[in-house]
Every structure is written in C-alpha cells, then in structure tokens.
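Residues per chain, in single letters:
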Amino acid sequence: MTNTGGGGPRPRTSWWREGAITTLAFALCLLGGVLQVDDTLSPPSVSAYVIAVVSCAVLPVRHRAPLAALAATTAVGVLVPPLGLLLTPLIVTPAVITAYSYSLAARTERRAASAVVLTSAALAAAIPAFGDFSWKDASRMGVVAAFPLVAGVLGHSVRNRRAYLEAVEERARRAEQNRDSEARRRVAEERVRIARELHDLVAHQITLANAQATVAAHLFDTRPEQTRTSLKELVETTSNALDELRATVGLLRQSGDTAAPAEPAPGLSRLPTLLESFRRAGLEVSVHQEGTVRPLPPGVDLTAYRIVQEALTNVTKHAGTGSARVRLVWTGDRVTITVVDNGGGTRTAPAVSTGPTVSTGPTASTGPTASSGPSASAADRSPGYGLIGMRERATAVGGHLSAGRRPEGGFLVSAQLPLPPAQDPTRDRDRATTTEEGQMTDGEAGDTP
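Residues numbered from 1 in each chain as written. Predicted model: local features only at pLDDT ≥ 70, side-chain atom pairs only at ≥ 80, totals over all residues. Heavy atoms only, no water.

Student: Explain the overall build of the protein here, please?
Tutor: Along the protein, the regular secondary structure elements total 11 helices and 5 strands. With 449 residues in all, the protein has 35% of them scored as buried. When contacts within the protein are restricted to residue pairs at least 6 apart in sequence, long-range pairs at least 24 apart make up 72% of them. Total accessible area computed for the protein in this model is approximately 26100 Å², and 60% of it derives from carbon and sulfur atoms. (Helix = DSSP H or I, 4+ residues; strand = E, 2+ residues; numbered from the N terminus. Buried < 20%, exposed > 50% of the residue type's maximum accessible area, 1.4 Å probe, protein only. Contact = heavy atoms within 4.5 Å. Areas by Shrake-Rupley, 256 points an atom, 1.4 Å probe, with all protein chains shown as cover.)

Structure, rendered in structure tokens:
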C-alpha cells in the first residue's frame, strides 16, 4: 500500500511502483502529444516532450505535497493548447493521477471535491479559450473534464474504504485490550473470592480445633473423661476441615465447569449446626430473631452464614469471654445480623461447655495457665482478613457491614443485607384462584362436544 503522507523513508517496492506509474504516465502523455486535430499521428514535437517531462516529474512528490502536485499538473495541462497540441485525456494523464492522489490524501471531503472540480473546470475551459470551438471540441471538452472527476470519485471511495478498515482494526484492537483487562479483572476477583472462601473455611475449622486442643491440654490431668471427649471432637473437626479443603482444592484443579456443586452452599438453614460446633468448642451462643423469617437469595444466604461464622470465629479467637449473642432482625427490605460479645480482649483460655461449667481463665486454680499456650502470642500476630472479607461479602450483595468495640466493652459486628420484595399473600391467592378458574374453564370447554 502506497504511503499517502509523511516524508519518512519509503519501502523499496514502493519506489519500483512509483517508477512504473511515472513511466506509464510519461508514455500516455507523450502518446497524447502525437495525436492531431484531424485524428492523424505525427512524430512527437519538442513541446510534447516538455509537457510530458514536466508534468511527470511532479508525480513522485504527489504523496508529500498532493495539492501542489495537482496545481502543477493542472497548469501544465492548461498550457497544452497554446503550445499547439491537442488537449486530450491522454496528455493530461498526470493531472488525472494527481487528482486521484489528492482525493485520497485530502484532510476534508469538501476540500478534495473543490480542488478536483477546479482542475476539471480549468482543463475543460482551456479548450475553447484557445482557437476555434466546434462540436468535436465540445465532446472532447466533456471527456477531458470527466476524467479528473472520475479519478476524484475513485480516490474518495478508496479513502473511505481505508478509513473503514482502520476503524475496524482499531475497534478490534480495543476489543482485544478490553478482553484482556476484563480477563485480568475477573482473575483478580476470582482470586479474592477463593482467598475469602479459604479464609472462612480454614479460620473456622482451625479455630475450633485450637480451642478443643487447648481444652484437652488444660483438662488432661484433672478430667480425663472430658479430655477424651474434647479429643474426639478435635478429630472430628480436623477430619471435616480436611474434607472441605480436599473438596475445595478439587474444584480448583478442575479444568472445566462442573455440572452442579457436590452439595448446596451453606446458608442460615445450617445455622444450628454452626452454633453447635462453636458450643462444642466452648463458646455459648444465644440466638434471638425478630420479624418474619423469609427465604433469602443464594448469594445473600451464603453471605449471612459466612458473616455469622467469621464473627463467632473471631469471638472464639480473640474475645476474653465464653459467650456471644447472635441477633437476626427481619424487616420489609433487609435483614440485620448482629453478633455481640462481652469480652475485653484476647482470650486466655476457652470455657468448657460439656459437663459442668468450669472457669479456665487466668483465675483458674487448676491446670496450666493459658499464657503458656498458643494464644499467648496472639497480640504479636499480624492482623487477619476476617473483617475485610465480611465487608467485601456484604458489599458484593448490596449490603453494609460495620464492626467495632462497644463503649460498655466487647465487640460488635452488624451487617445489613437486602431482602427480595415480599410477596402479597392476597395477590398470590387471587392469582392462584384465577389460574384454577382458567384451568376449570379449559377443562369444561374440552368436554363440550
């Protein structure tokens, strides 16, 4: 493709093509100088050579200065009749070529059309301006005027075609960039989602296992039966953790999408099982609900379950208390989840829920103190991602989460999650009645002979 603008170095093939175009234009221009008025041929005169050489010498610069090249070839074409030559489309071949090139390279369509029309008019006006004018001259004038116009139309069409192809390529390039950025964004979101799920899974199970192991170690000498119970629960907890981790890693290693999950995602329907697992680890949890319980969308249901799970996990890990309160308030457009504890800081030892209640805090008189256990370095650990994950989950479903210490002591986590619009029972009943009546009508119509 010929370079239509700029003064940079041109490819070698482009020089060969320019030489071929210039040679062809010179031959046609010289052939036009051989034609005479009476349709005879004569040897080319000096004027014919001058016209051909001057007009064709301008052609190589038509890409850098198309308007100047068009003006120069037009001026040479206008000088053809005064030099005693016959003005034909052949002798103005350089002007036709520059008209095509200028239409191809002009900045605006109006400027290109104006220049080409002026060229055509100047060449056509040169015929009656010098010498006699006959009907043959009129037809020749029309042909001479038509050639630059046709060349301009062709140049305009090629220009539009190139602009269209460039626009298509640009759209394809931008679409490719958008696809890449969208793919990177989805990968980042998926990584955050996987990290959040693994955090919730591992933090919950490992926290329960740590609490059960601490209870077993604390009561190993004083209460062997209770120690054995705690160890059994520890084995069950670690086994469940391994199963869930194995299932999660198995899903991540699959190359394609699964047809359906192995089991449904957890929701508030599994809240009793979740609370029982914390009670076995030594955390007494009370639940209070207000309002009419309604089914939640799967995403909101999973978010509510994970928020309660993570909040109670933080109570087990960090709060110096053995109890927590969970409150669910159902209103018209949202459900508010509140998890509160009365602790004052990092837990020092868990409370035991199986059997008689035993205080195992710093004031306990039996067993080792918890300051020598694993939780002694909790203050030195880096902050986790539990609150960040809960906020991300709540925001993802259109809700809001707030967390912080209470003035009276303890910690509070409160999340507000949206609910789907409540269905009107009266409307549903009317709709059901209408459906039944329609079915009965259809049945009666079908029984009519």
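Student: Hey, could you run me through the sheet that holds strand 3 (residues 334-341) in this one?
Tutor: The pairing of strands in a sheet comes from backbone hydrogen bonds and takes either a parallel or an antiparallel form. Pairing is mixed in the open sheet, where 5 strands are placed in the order 1-2-3-5-4. Two strands bound the open sheet, and with one partner strand each, they are strand 1 (284-290) and strand 4 (400-405). Shown here is a sheet whose adjacent strand axes are inclined to one another by a mean of 10 degrees, direction ignored. Relative to strand 5 (residues 411-418), strand 3 runs antiparallel, the two being bridged by 8 bridges. (Pairing = 2+ DSSP bridges. Axes fitted to C-alpha atoms, helices over the stretch in contact; angles between N-to-C directions.)

Student: I'm lost on the pairing of strand 2 (residues 323-330) in this one. Help?
Tutor: Looking along a regular strand, one sees side chains alternate from face to face of the sheet. Across 7 bridges, the pairing between strand 1 and strand 2 is parallel. Bridged to Ser 286 within strand 2 is Arg 325. When strand 2 meets strand 3, the two strands line up antiparallel, connected through 7 bridges. In the sheet register, Arg 327 faces strand 3, and the bridge partner there is Thr 338. Linking two consecutive strands that pair antiparallel, namely strand 2 and strand 3, is a turn of 3 residues.

Student: Explain the side chain of Asp 341 here, please?
Tutor: Within the secondary structure layout, Asp 341 lies in strand 3. Once residues within four sequence positions are removed from consideration, Asp 341 is found in contact with Val 315, Ala 319, Thr 321, Ser 323, Ala 324, Arg 406, Gly 409, Gly 410 and Phe 411.

Student: Sorry if this is basic, but what is going on with the packing of helix 8 (residues 271-280) against helix 9 (residues 298-318) here?
Tutor: How two helices pack is summed up by the angle between their axes together with the distance between the axes. Axis separation between helix 8 and helix 9 bottoms out at 11 Å; the angle between their running directions is 10 degrees. Classified by the angle between their axes, helix 8 and helix 9 sit roughly parallel to one another. Contacts between helix 8 and helix 9 involve Leu 271, Leu 274, Leu 275 and Phe 278 on the former and, on the latter, Tyr 305, Val 308, Gln 309, Leu 312, Thr 313 and Thr 316. Classifying every residue of the contact of helix 8 with helix 9 by side-chain character gives 7 nonpolar, 3 polar and no charged. (Parallel < 35°, antiparallel > 145°, perpendicular 65-115°, else oblique. Nonpolar A, V, L, I, M, F, W, Y, C, P; charged D, E, K, R; others polar.)

Student: Would you mind going over helix 2 (residues 46-57) with me for this structure?
Tutor: Owing to its 3.6 residues per turn, the α-helix aligns residues three or four sequence positions apart on the same side. Taking 1.5 Å of rise per residue, 12 residues should cover 16 Å, and helix 2 covers 16 Å from first to last C-alpha, within 8% of that figure. Looking only at helix 2, the buried set comprises Ala 48, Ile 51, Ala 52, Ser 55 and Cys 56. One side of helix 2 holds all its buried residues, which, seen down the axis, span an arc of 105 degrees. For helix 2, exposure combined with an orientation more than 90 degrees from the buried face picks out Val 46 and Ala 57. (Expected span 1.5 Å × (residues − 1). Arc of directions from axis to C-beta.)

Student: What's the story with the packing of helix 3 (residues 66-78) against helix 4 (residues 93-105) in this structure? I'm lost.
Tutor: Remark: helix 3 packs on helix 4, axes separated minimally by 9 Å, with the N-to-C direction vectors making an angle of 155 degrees. The orientation of helix 3 relative to helix 4 falls into the category roughly antiparallel. Crossing of helix 3 against helix 4: the hand is left-handed. Taking contact as the criterion, the partners of Pro 66, Leu 67, Ala 69, Leu 70, Thr 73 and Thr 74 in helix 3 are, on helix 4, Pro 94, Ala 95, Thr 98, Ala 99, Tyr 102 and Ala 105. By residue class, the composition of the contact of helix 3 with helix 4 is 9 nonpolar, 3 polar and no charged. (Left-handed = near helix turned anticlockwise from the far one by under 90°.)

Student: What exactly am I supposed to notice about the confidence of the model for the protein here?
Tutor: If pLDDT is low for a region, its predicted coordinates should not be looked at in detail. Per-residue confidence for the protein gives a mean pLDDT of 75; residues scoring 70 or more make up 73%. Below pLDDT 50 for its whole length, residues 1-8 participates in 17 contacts with residues either more than four positions away or in separate chains. Between residues 427-449, whose pLDDT stays under 50, and residues either more than four places distant or in other chains, the model counts 1 contact. (pLDDT = per-residue confidence, 0-100.)

Student: Is there a simple way to think about a nonpolar patch on the surface in this case?
Tutor: Together, Val 46, Val 50 and Val 54 line one region of the surface with nonpolar side chains, adding up to about 260 Å² of accessible area. Relative to the helices and strands, Val 50 is located in helix 2. (Patch = residues over 30% accessible without salt bridge, like charges linked within 9 Å, V, L, I, M, F, W, Y side chains within 5 Å. Salt bridge = Lys/Arg side-chain N within 4 Å of Asp/Glu carboxyl O.)

Student: So what exactly am I meant to see when it comes to the pattern of salt bridges here?
Tutor: Proximity of charged atoms lets side chains of opposite charge pair with each other. One pass over the structure, following the stated rule, counts 10 salt bridges. Between Glu 182 and Arg 185 there is a salt bridge, with the nearest N and O atoms lying 2.3 Å from each other. Highlighted residues: Glu 182 and Arg 185, both in helix 6 (residues 135-218), separated by 3 residues, approximately one helical turn. Under the relative-accessibility criterion, Arg 185 is labelled partly exposed at 38%.

Student: What is the right way to read helix 3 from this model?
Tutor: Compared with the 18 Å implied by 1.5 Å per residue over 13 residues, the 18 Å span of helix 3 between its first and last C-alpha is a close match. Along helix 3, the positions that sit buried rather than exposed are Pro 66, Ala 69, Leu 70, Thr 73, Thr 74, Val 76 and Gly 77. Projected down its long axis, helix 3 carries its buried residues within an arc of 160 degrees, all on one side. Residues of helix 3 that are buried in the fold lie against helix 2, helix 4 and helix 5 (109-129).

Student: Before we go on, may I ask you to explain the environment of Tyr 385 in this structure?
Tutor: Structurally, Tyr 385 is set in the loop between strand 3 and helix 10 (386-396). In the structure, Tyr 385 is positioned 190 residues away from Ala 195 in sequence and 9.6 Å away in space, judged by C-alpha atoms.

Student: Would you explain the state of the cysteines in this entry?
Tutor: The final tally for this structure, using the stated rule, is 0 disulfides. With no disulfide of its own, Cys 29 lies closest to Cys 56 among cysteine sulfurs, the gap being 5.3 Å. Residue class for Cys 56 comes out buried when judged on its relative accessible area of 4%. (Disulfide = S-S within 2.5 Å.)

Student: Help me out: how do you make sense of the environment of Gly 267 in this one?
Tutor: For Gly 267, the location among the structural elements is in the loop between helix 7 (224-253) and helix 8. The spacing of Gly 267 and Tyr 305 is 38 residues in sequence and 5.1 Å in space, taken between C-alpha atoms.

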